[in-house]
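Structural features, examined
Chain residues, written in single-letter form:
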Amino acid sequence: MPHPDKFLMAGVMGWPVMHSRSPMMHNYWMEQQGVAGTYVFFEIKPGELAPALKALHPLGFAGCNLTIPHKLDAMTIVDEVDDVAKKIGAISCVVVREDGSLFGTNNDWFGFIGNLKQQQPDWRADAGPVTVIGAGGGSRAVCYGLLQEGATELRLVNRTRAKAEAIAAEYGGPITVLPWEERHAALEGVATAVNATSQGMVGQAALDIQLDALPESALVADIIYTPLETPFLAAARTRGNRTVNGLGMLIHQGPPAWKRWFGLEPTVTDELREMMEHSIASD
Ligand code: ATR
C-alpha cells in the first residue's frame, strides 16, 4: 500500500475531551485506506494551543481537528485561514503544509449537509422554509451550509437574539431572525427544522419547544449525537417526521479533512456508522 509522505495525524485537540469518537472513525479509515498511521487525541489546555499546533510539523503530523475553544483560538495562530473558516469564524481542521506552515479550514458545514444528503437523498435546502434553533458555533456552520445549498428562507431563532442577528448580518442572504418566544410558531410550514443548540445533550435539559406547528413532511435534524436521539428528535419521530441525528455531521466532516491531509477519499460506510452508534449507545 502506498504511504503518504506524512503518515501520522493528530487527533482532536480539545480540553477536556469527553466523548470523542474521532479516533475510532479516523483509525477505521486508516485501515480502509491502507494508511500506516494513527489518529490520536491530546488534551490541550486553553492558552497552550499555539505551541501545540507549532509542534505538529516537527512531530510528523499531517494535521489535526480542533474542538471548542480551540476552534476559535486557532484563527489567530495558523498561518493561513481560508474563506470558509473566516466566514464561520472557527477552524475545525488544520493542515500541516510541506514547509511546516499551518492552514486552517472548516468542514463542519460540509459534514452537516453531507449527512443530510446521505441520510435523506431527496432532501433539498430549497424545498421550503428552514428553521434553525440556536446561534452558537454549531449553528454558524449549519447556517453556512444551508445557504451554500441554496436555502431560500432561513428562520433563525436563538435565546440570545443578538447572536442570531450577528449571523444574519455577517452571512446576508435569506435569513430572518425571530424572537425566542416565537420558536414554536417558527416551525410552521417548514421543510427542514434543525436544533443547533446544546439543549438535549446528555446532562442538559431538553430543548423547550412545542412541535404542534411542525408539518409532518418536514425533515428534523439535530447536531447533537450524545444521545443519538435527543428528546427533540424523539418527539418529532413520534409525530411521524423523518429525523437525522448529529452523528453523521461528525462523520461527514472527515472525508474532506482526509482529502487535505492525505489526498485520499475515505468512504462513509454503514459499518462505520453502526460501529460509532454502538459505541455511543453503550456508554
Ligand atoms: P456550539 O458551538 O455547540 O454551538 P455554543 O456556541 O455554546 O455551542 O452555542 C450553544 C447554543 O445553545 C447557543 O445558541 C445557546 O443559546 P445562547 O446564544 O442564548 O446562549 C444555546 N443554548 C444553550 N443553553 C440554552 C438554553 N438553556 N436554552 C436555549 N438555548 C440554549
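That block above? That's the structure.
Heads up: these notes are all about the structure in this document. (Residues numbered from 1 in each chain as written. Predicted model: local features only at pLDDT ≥ 70, side-chain atom pairs only at ≥ 80, totals over all residues. Heavy atoms only, no water.)

**Topic: the pattern of salt bridges**
Using the following cut-off: Criterion for a salt bridge: a side-chain nitrogen of Lys or Arg within 4 Å of a carboxyl oxygen of Asp or Glu. Burial here depends on accessible area, computed with a 1.4 Å probe over protein chains only, as a share of the maximum for the residue type. Under 20% is buried, over 50% is exposed, and the range in between is partly exposed.
The full count for this structure, using the stated rule, is 12 salt bridges. The partner of Glu 265 in a salt bridge is Lys 259, and the shortest N-O contact between them spans 3.3 Å. Taking relative accessible area as the criterion, Glu 265 reaches 55% and is therefore assigned exposed.

**A short note on helix α11 (residues 254-262)**
This is how the line gets drawn: Secondary structure elements follow DSSP: runs of H or I no shorter than four residues count as helices, runs of E no shorter than two count as strands, and numbering proceeds from the N terminus.
Taking burial as the measure, the 9 residues of α11 include 7 buried ones, the bulk of the element. Where α11 is concerned, the buried positions are Gly 254, Pro 255, Pro 256, Ala 257, Trp 258, Trp 261 and Phe 262. Of the residues one or two after α11, Gly 263 is the one with positive phi, at around 70°.

**Here's the deal with the sheet that holds strand β8 (residues 154-157)**
Working definition: the strands of a sheet are paired by backbone hydrogen bonds and lie parallel or antiparallel to each other. For the record, the criterion: Two strands are said to pair when DSSP picks up at least two bridges between them. Helix axes are fitted only over the stretch in contact, all axes being lines through C-alpha atoms; the angle between N-to-C directions runs from 0 to 180 degrees.
Pairing is parallel across the open sheet formed by 6 strands, whose spatial order is β9-β8-β7-β10-β11-β12. If you trace the sheet from one side to the other, it starts and ends with β9 (175-178) and β12 (242-244), each paired once. Taken over all neighbouring pairs, the strand axes of this sheet differ in orientation by 20° on average, direction set aside. Of the pairings in the sheet, the one linking strand β7 (residues 130-133) to β8 comprises 4 bridges and is parallel in character. If you follow Val 132 over to β8, its bridge partner there is Leu 156.

**Here we look at the nonpolar core**
Inside soluble globular proteins, nonpolar side chains tend to come together where they are buried. Note the cut-off: The term nonpolar core refers to a set of buried residues drawn from Ala, Val, Leu, Ile, Met, Phe, Trp, Tyr and Cys, joined through side-chain atoms within 4.5 Å. The contact definition used throughout considers only heavy atoms, calling two residues in contact when any of these lie within 4.5 Å.
If you look at the biggest cluster of nonpolar residues, it comprises 32 residues, and the most contacted ones within it are Phe 112, Val 132, Val 142, Leu 146 and Leu 156. Broken down by secondary-structure element, the contributors of at least two residues to this core are α5 (83-88), α6 (108-119), β7, α7 (137-148), β8, α8 (161-171), β9 and β11 (219-222). When residues in this core are grouped by element, the largest group, 5 residues, is from α7. If sequence neighbours within four positions are ignored, Val 142 has contacts with Phe 112, Val 132, Val 194, Ile 223 and Met 249. Membership of the second largest hydrophobic core comes to 22 residues, among which are Trp 29, Leu 247, Ala 257 and Met 276.

**Some details on the site of the ligand**
Heads up, the condition is: The nearness test applies per residue and asks whether one of its heavy atoms lies within 4 Å of the molecule or strand. Nitrogen and oxygen atoms within 3.5 Å of one another constitute a polar contact, given that in protein one can donate a hydrogen and the other can accept it, and given that sequence-neighbouring residues count only through two side-chain atoms. Gly counts as polar in this scheme, as do all residues outside two lists: the nonpolar Ala, Val, Leu, Ile, Met, Phe, Trp, Tyr, Cys and Pro, and the charged Asp, Glu, Lys and Arg.
In the region of the ligand, 13 residues are neighbours, and Gly 138, Asn 158, Arg 159, Thr 160 and Lys 163 sit closest. In the environment of the ligand, an oxygen atom lies 2.5 Å from a nitrogen or oxygen atom belonging to the side chain of Thr 160. The separation between a nitrogen atom of the ligand and a polar side-chain atom of Gln 199 is 3.3 Å. Its residues assigned to classes, the shell around the ligand comprises 2 nonpolar, 9 polar and 2 charged.

**A few points about unusual backbone geometry**
Following Ile 68, the chain continues into Pro 69 via a peptide bond in cis, with omega recorded as 5°. Of note, Pro 69 is situated in the loop between β3 (63-65) and α4 (70-73). Cis geometry is found at the peptide bond from Thr 226 to Pro 227, where omega equals 10°. Turning to its location among the elements, Pro 227 is positioned in the loop between β11 and α9 (231-239).

**Concerning the sheet that holds strand β6 (residues 102-105)**
Read across the sheet, 4 strands follow the order β3-β5-β6-β4 without closing on themselves; strand pairing throughout is mixed. Bordering the open sheet on either side are β3 and β4 (80-81), each of which pairs with just one other strand. Inspection of the sheet shows β3 paired to strand β5 (residues 93-96) by 3 bridges, in the antiparallel sense. Its bridge partner lying in β5, Asn 65 is registered against Cys 93.

So yeah, pure geometry; function would need other evidence.
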